[in-house]
Amino acid sequence: QFIPLRELQQRLGEISPEWPIVPVCHSGMRSGQATLILRQAGFPRVANLRGGMLMWSQLGLPLVRAD
């Protein structure tokens, strides 16, 4: 599910606290902020993708584009 950081606080009700959540962004900065927001809101299973998609790509991990 795609929720922009600027909308996250208002859209927390769309996210199940039962799901593991991994916020993702380009470099890891916004996803770090999202991780903080989610943890402060009481979501127990949240992890940041450190380094974002830049690091993912640099490590040669697979990429699939979803349109």
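The structure presented is a predicted model; accordingly, all values stated were derived computationally and were not measured. (Residues numbered from 1 in each chain as written. Predicted model: local features only at pLDDT ≥ 70, side-chain atom pairs only at ≥ 80, totals over all residues. Heavy atoms only, no water.)

## Remarks on the layout of surface pockets
Here's step 1: Roughly 690 Å³ of volume is contained in the largest pocket.
Here's step 2: Lining the largest pocket are 21 residues, with Gln1, Phe2, Ile3, Pro23 and Val24 positioned closest to its centre.
Here's step 3: Looking at the lining of the largest pocket, the elements with two or more residues in it are α1 (5–8) and α2 (29–40).
Here's step 4: It is α2 that contributes the most residues to the lining of the largest pocket, 4 residues altogether.
Here's step 5: A class-by-class count of the residues in the lining of the largest pocket yields 16 nonpolar, 3 polar and 2 charged.
Here's step 6: What the second largest pocket holds in volume is close to 190 Å³. (1 Å grid on protein atoms, 1.4 Å probe; cavity = no way out; pocket = protein on both sides within 12 Å on 5 of 7 lines; lining within 4 Å. Points joined across faces, edges and corners; volume = space filled by probe spheres on them. Helix = DSSP H or I, 4+ residues; strand = E, 2+ residues; numbered from the N terminus. Nonpolar A, V, L, I, M, F, W, Y, C, P; charged D, E, K, R; others polar.)

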